[in-house]
Amino acid sequence: MTLRSNARRSVGGLWIGLLTLVCAPAAALDLQVTEVASGIYALVGPTENRTYDNDAINANLGFIVTPEGVVLVDSGATVQSGPLIEQATAAVTEQSIRWVVNLGSQDHRWLGNAYFAERGARIIALARTVETQRAYADSHLVRLRETLGDRLEGTVPLTAPEPIEADRASLDLGGVRMDLLWLGDAHYVGDALLWLPESGVLFAGDLVYLDRILGVWPHSRIRAWRDTFHAMEALEPTVVVPGHGNPADLAKAKRDTGEYLDWLVREVEAALGNWEPIDETVERLADAPDFEHLEHFDGWNRRNLNQTYLQLEAE
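Residues numbered from 1 in each chain as written. Predicted model: local features only at pLDDT ≥ 70, side-chain atom pairs only at ≥ 80, totals over all residues. Heavy atoms only, no water.

Examining a negative patch on the surface
Right, so step 1: A contiguous patch of negative charge on the surface is contributed by E259, D287, D290, E292 and D298.
Right, so step 2: Structurally, the position occupied by D287 is in the loop between α7 (278-285) and α8 (297-314).
Right, so step 3: Judged by its relative accessible area of 62%, D287 falls in the exposed class. (Patch = residues over 30% accessible without salt bridge, like charges linked within 9 Å, V, L, I, M, F, W, Y side chains within 5 Å. Areas by Shrake-Rupley, 256 points an atom, 1.4 Å probe, with all protein chains shown as cover. Salt bridge = Lys/Arg side-chain N within 4 Å of Asp/Glu carboxyl O. Lys, Arg positive; Asp, Glu negative; His and termini not counted. Charge placed at Lys NZ, Arg CZ, Asp CG, Glu CD. Helix = DSSP H or I, 4+ residues; strand = E, 2+ residues; numbered from the N terminus. Buried < 20%, exposed > 50% of the residue type's maximum accessible area, 1.4 Å probe, protein only.)

Written as structure tokens, this is what we have:
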């Protein structure tokens, strides 16, 4: 396996370098490594769907370099993700990955845990997150097998062995303070955030989508997601590393995620209050000029409206 890197360049005040991980032709993955603050990096995955070629990593991971080792934020979708992630961290530090913090329960956030645990890393997650991971593990493996086939071999669901029985935990990993927080449910029940107050960096997981539209699923909690986003705003992060899309400031997070969540809840609540049928509501709101710039809008907005209507109607 080799690693190619282009020259780093500044975009919007952030230093960005595109790292291409090259293995055999069938096992290559492009990851964009963005240094969002000193020693703090986002691993920005593609915003397309999961594919065989992207190893089902169509989300963002991250890592923090400390004097005593690397803290990895989420671990990828399979055991095969491990060497690719290690190559990305090795491009900027000789430190090994000693801790893995899971923020969510979707496959690409934690199914790579076993690879790092076998190499001595400590897996860390809130109990809320672990409960949901265990509930969805089997269904995620079934779905991944359809996409990845042989690349799923050897992947076993491994959750944090000592989940944190609290909604907030202050961690000191390698001498760096970070807070693991549950502020409310979002894309999945038990989604968490990793907050680094000294640098102002927030790893928001699937609470925040940037550049692409978010997806409301039956397991999502749309009203709680909206409220959790607003609770997150009180942290006033300087940089938000989203679950999907490029890192940005809080203002962009509000535009791409917060305002869309507000709009979904507000408009569908009004439709329900007026006894408007679901099909008429979806058709009326299908065009939303404020959000049409988001990638995948055409494929997801109608589904989001439909799911929001069903959830709010059932309350």
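Observations concerning the side chain of T155
Right, so step 1: Along the chain, T155 falls in the loop between α4 (127-148) and β10 (168-173).
Right, so step 2: Reaching out from T155, the side chain makes a polar contact with the backbone nitrogen of V79 at a distance of 3.0 Å.
Right, so step 3: Contacts of T155, omitting those with residues within four sequence positions, involve A77, T78, V79, L111 and L141. (Polar contact = N/O pair within 3.5 Å; in protein donor to acceptor, adjacent residues only side chain to side chain. Contact = heavy atoms within 4.5 Å.)

Concerning helix α5 (residues 222-233)
Right, so step 1: In this model α5 runs 17 Å from its N-terminal to its C-terminal C-alpha over 12 residues, within 8% of the 16 Å that 1.5 Å per residue would give.
Right, so step 2: Along α5, the residues that are buried comprise I222, W225, R226, T228, F229, M232 and E233. In a view along the axis of α5, the buried residues occupy a sector of 165°, so they form one face of it.
Right, so step 3: On its buried side, α5 packs onto β12 (193-196), β13 (201-209), α6 (250-273) and α8. (Expected span 1.5 Å × (residues − 1). Arc of directions from axis to C-beta.)

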